[in-house]
Structure formats: structure tokens, C-alpha cells
Amino acid sequence: MPESDFIAAPFLNLIERGTFSWSAPSNIALVKYWGKKAHQIPANPSISFTLNNCKTITSVVFEKKSTDEDFSFELLFEGKPKEDFKPKIEKFLERIATYCLYLKQYHFTIDTRNTFPHSSGIASSASGMAALSMNIMSLEKVLNPKMTDDYFYQKASFLARLGSGSACRSIKGKAVVWGNHAEINGSSDLFGVEFPGQIHPNFENYQDTILLVDKGEKQVSSTVGHNLMNGHPYAENRFHQAHSNLSKLKMVLENGDLQSFIEIVESEALTLHAMMMASMPYFILMKPNTLEIINRIWNFRKQSNIPVCFTLDAGANVHVLYPQKNKVEILQFIQDELVGYCENGQYICDEIGRGASLINNE
Ligand code: PMV
């Protein structure tokens, strides 16, 4: 679908007022997106598991106004005004304005909250931008009742991408691919698509326990990190590798080969951080405790033969991935050996989810 298909034609009948509420989850990439072109176009395709418990819940009240020159909105976080979130939302609205001309004709009150602790080192940009995009699409659906469900979700993902790249993978489906890939039907740089294959039962309710190693603000934002892939000495090989890892992972998700899953996922996590270390300027987001946890996971896996592995996002926290049937042993292992390396002993138990869900539609 070309970009121009996402431009909504002007609507003649605007409703006076509407209230919607959506929740959208975070996601964890298995093949990582790192590096982008203009307009949030990824330099390589990626795939993620959608999470279930770490999510943002956003309600939006839309009220028709008499002028349509500027955006007009209030932003509440947990019910209280939050001025410092406003510039990000303003920028998002500017980016999506061409595709949603009706937005300037409304005043919005956006009220948002996360189910995970605010400064946990878990980025709320993916779930937050996804939840806001779903609310905007609910309004557009009222203005254009003939809209198909496919278009609704595809445009929601398209809008979310313009807010924060990986947010486009937080809309719909247990595993989501974003970025053109020769072997994934329907894949696109413009929006995320539900993994089209049949996911093997080994991945049913796959678990992700997020160990909060460092809850502080990151020293280098992901925007800066993506940009450092421009002119990076290993960029071309890395982008090529992501295509090939996605081909391999496609097979693995279908055939349930957990040994290969572990190899691809851990290699992707370490390659992401290797790219950071080889950037100019270089940086390190892992902490000593991140490495300690990784080593302990490797030792435990060797001794127990349980197919547990780790992945990392752009930070020090460790995502521990494992089959649901091993939950008891892994949570015991985390309690016995890993909590000591988490800030204040904190971790969050999550698992594969299905994507955004509507809470209220008035
Ligand atoms: O969506 P962004 O710009 O915050 O970038 C996310 C980058 C990684 O989390 C490191 C990888 C990914 O694919 O999610």
C-alpha cells in the first residue's frame, strides 16, 4: 500500500464529541531495528514478540472546535497535567497531520498511564504511541464508517511508526514484522504486519521476564543511536545480517527449533550492542550486572538444559525469554541467582500478548 493511501479525504460530517480508550502493549524485538532513513523508514526489517502486561492505557476526549489553525490538546499523565510530555505529542501530531487532516478541527484531552513503573528503564514510547494512534483511528473510523478493519489496523501502525519506529509493532498480532523482507508476504517499511506464518506451539504463551538492572535515564537516546548507523563502518553488513536472521527466524517460529531460536535471538541482542560500541562516538548501555546476568543464564542453560535465553533492548535491562512450561524452574532460578543483580531486586513478569485492545468507545 503506498503512503498516499493513508491520507484521509476531508470529511464533511464531523462529530461534535467522542471519547475513546485503548490499551497498547510494549514489544520486544527478536531481530532488531537499529538504523533508520528519513521519515522513520527502517534501515532493515525487524520482528518482535508483542507483550501482554507492560502496556499504556490512553483515553482521548475529542471536542470539535471552531477554528482549525493549530493543534489544541491537553495532556494528562495518571490524571494530572504533564507539560514535559507535550513537545513529543506535538511533534507526533505534526508528523501525522498530512494523513489526518481532521485533527486540527478538534481539541483533545489525552489521559495516559502505564501499567509498568515510570522510571523502570522500560520505554513507554512504543506502547504510548501505539495507544494514541488507536484512539485517533477510532475517531477516523467514526468519521468514515466504511473503513475496513485491515485499513484501520494498518493505518494505526503507520501512524504509530511516525511517533516512534518500533511502536508500529505494538498494534496487532503475537509476532509482528516491520520492514520489507523478500520472504514475508505483505511486509512493509511503512507499517508492521502480523507474522503471516503459523507459530509453533513451543512459542505458545512464551514468557518474558524483564530484569530491571538500571532504571535510570539512558545516556544515549535511541534516536541518537539510530543516527549513528549512518556512516557506521559495519552498517551494510549488519543490515544484510538482519535480513538473513529474519529468514532464519521465520523458519524457527514455524518449526519450533528452540536451539536455533536461542542462537539467533542472543546474537541479535549482542550485535545491537556491538553496533553501539563500534559507533563514533561509541557508547555502552550494558552495565556490569547485565553481563553478570548473561553469564549466569548461560551457565544455568548448560547445567539444566532448559531453553532459556536473553535479549536486550537499547538499555541495560535483560529480557529473559523461555517456554511457559519451564516457568516454575526459571522463576526459581531468577529468585535464587538473578534478583541480586536487579535494581532494588525488581523484575516484571510478562508474556506474549495479542496487541492493542479497545477499552471504551462512546
Ligand atoms: O523505536 P525506537 O526508535 O525506540 O528504537 C527501538 C530500537 C530497539 O529497541 C533497540 C530495537 C527494536 O527493534 O525495538
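Structure's up top.
This structure is a prediction, so every number in the text was calculated from the model and none was measured. (Residues numbered from 1 in each chain as written. Predicted model: local features only at pLDDT ≥ 70, side-chain atom pairs only at ≥ 80, totals over all residues. Heavy atoms only, no water.)

> I tried to follow the overall build of the protein chain on my own but got confused; where do I start?
Of regular secondary structure, the protein chain possesses eight helices and 14 strands. Expected size for 362 residues packed as a compact globule is a radius of gyration near 21 Å; at 20 Å, the protein chain falls within 12% of this value. The proportion of buried residues among the 362 residues of the protein chain is 56%. Accessible surface computed for the protein chain: about 15,900 Å², of which carbon and sulfur atoms make up 49%. Taking the 34 positively charged and 39 negatively charged side chains of the protein chain as two groups, their mean positions are separated by 1 Å. (Helix = DSSP H or I, 4+ residues; strand = E, 2+ residues; numbered from the N terminus. Rg over C-alpha atoms; globule rule 2.2 N^0.38 Å. Buried < 20%, exposed > 50% of the residue type's maximum accessible area, 1.4 Å probe, protein only. Areas by Shrake-Rupley, 256 points an atom, 1.4 Å probe, with all protein chains shown as cover. Lys, Arg positive; Asp, Glu negative; His and termini not counted. Charge placed at Lys NZ, Arg CZ, Asp CG, Glu CD.)

> Where do I start with the packing of aromatic side chains in this structure?
Within a pair of aromatic rings, the relevant descriptors are the distance that separates the centres and the angle that separates the planes. Within this structure, the stated rule accounts for 20 aromatic pairs. Ring plane angle 55 degrees and centroid distance 6.2 Å describe the contact between F49 and F203, whose orientation is recorded as tilted. Of this pair, F49 sits in strand β4 (residues 46–64) while F203 sits in the loop between β9 (192–194) and β10 (207–211); the two residues are 154 residues apart in sequence, bridging distant segments of the chain. One exposure class covers both F49 and F203, and it is buried. With a centroid separation of 6.1 Å and an interplanar angle of 25 degrees, the aromatic rings of F49 and F261 are classed as stacked. Taken together, the residues F49 in strand β4 and F261 in helix α6 (residues 258–277) connect sequence positions 212 residues apart. Here F49 matches F261 in class, with each residue buried. Directly above the ring of F85 sits K82, whose terminal nitrogen or CZ lies 5.2 Å from the centroid. (Phe/Tyr/Trp six-rings, centres within 6.5 Å; stacked < 30°, edge-to-face > 60°. Lys NZ or Arg CZ within 6 Å of the ring centre and 35° of its normal.)

> Help me understand the sheet that holds strand β11 (residues 309–312) in this model?
Neighbouring strands of a sheet are bound in pairs by backbone hydrogen bonds; such pairs are parallel or else antiparallel. Taken in spatial order, the four strands of this open sheet run β11-β12-β10-β13, and their pairing is antiparallel. Because the sheet does not close on itself, it has two edges, and the strands there are β11 and β13 (347–351). The mean inter-strand angle of the sheet, taken between neighbouring strand axes irrespective of direction, is 25 degrees. Strand direction decides the pairing type here: β10 and β13, joined by five bridges, are antiparallel. Opposite D208, over in β13, you have D350 as the bridge partner. Where α6 meets the sheet, it contacts β11 and β12 (318–322), and its direction lies at approximately 30 degrees from that of β11. (Pairing = 2+ DSSP bridges. Axes fitted to C-alpha atoms, helices over the stretch in contact; angles between N-to-C directions. Contact = heavy atoms within 4.5 Å.)

> What am I meant to see in helix α1 (residues 86–96) here?
Residues that lie three or four places apart on an α-helix share one face, since the helix turns once every 3.6 residues. Every buried residue of α1 is listed here: I89, F92, L93 and I96. Along the axis of α1, the buried positions cluster into a sector of 100 degrees, meaning they face one direction only. Against the buried residues of α1 lie β5 (72–77), β7 (106–114), α2 (125–143) and α3 (149–163). (Arc of directions from axis to C-beta.)

> Looking at this model, I keep getting lost on the pattern of salt bridges. Mind explaining?
Between side chains of opposite charge, pairing is possible as soon as their charged atoms come close. Inspection of every chain in the model, using the stated rule, returns nine salt bridges. The salt bridge partner of K82 is D84, with a shortest N-O separation of 3.9 Å. Given the relative accessible area of 58%, D84 is considered exposed. Measuring nitrogen to oxygen at the nearest pair gives 2.9 Å for the salt bridge that ties K155 to E140. On the criterion of sequence distance, the pair formed by K155 in helix α3 and E140 in helix α2 is long-range, its members being 15 residues apart. Residue class for E140 comes out buried when judged on its relative accessible area of 1%. Connected through salt bridges with shared partners, the residues E292, R296 and E337 form a single ionic network. (Salt bridge = Lys/Arg side-chain N within 4 Å of Asp/Glu carboxyl O.)

> Looking at this structure, I do not really get the site of the ligand. What am I missing?
Every one of the 13 residues lining the ligand counts as a neighbour, but Y33, S166, R169, S222 and H226 are closest to it. Here an oxygen atom of the ligand sits 2.8 Å away from a polar atom, N or O, in the side chain of R169. H226 is positioned such that a nitrogen or oxygen atom in its side chain is 3.0 Å from an oxygen atom of the ligand. Protein burial of the ligand: of its 380 Å² of free accessible surface, 89% is covered by the chains. Among the residues forming the shell around the ligand, the class breakdown is five nonpolar, five polar and three charged. (Near = heavy atom within 4 Å. Polar contact = N/O pair within 3.5 Å; in protein donor to acceptor, adjacent residues only side chain to side chain. Nonpolar A, V, L, I, M, F, W, Y, C, P; charged D, E, K, R; others polar.)

> Please explain the environment of L321 as it appears in this structure.
Tracing the backbone shows L321 in strand β12. According to the relative accessible area criterion, L321 is buried, its value standing at 1%. Sequence spacing of L321 and V213 is 108 residues, and the spatial spacing of their C-alpha atoms is 16 Å. When neighbours within four sequence positions are excluded, L321 is seen to be in contact with L30, Y206, Q207, D208, F261, V265, P307, V308, C309 and T311.

Keep in mind these values describe shape, not function.
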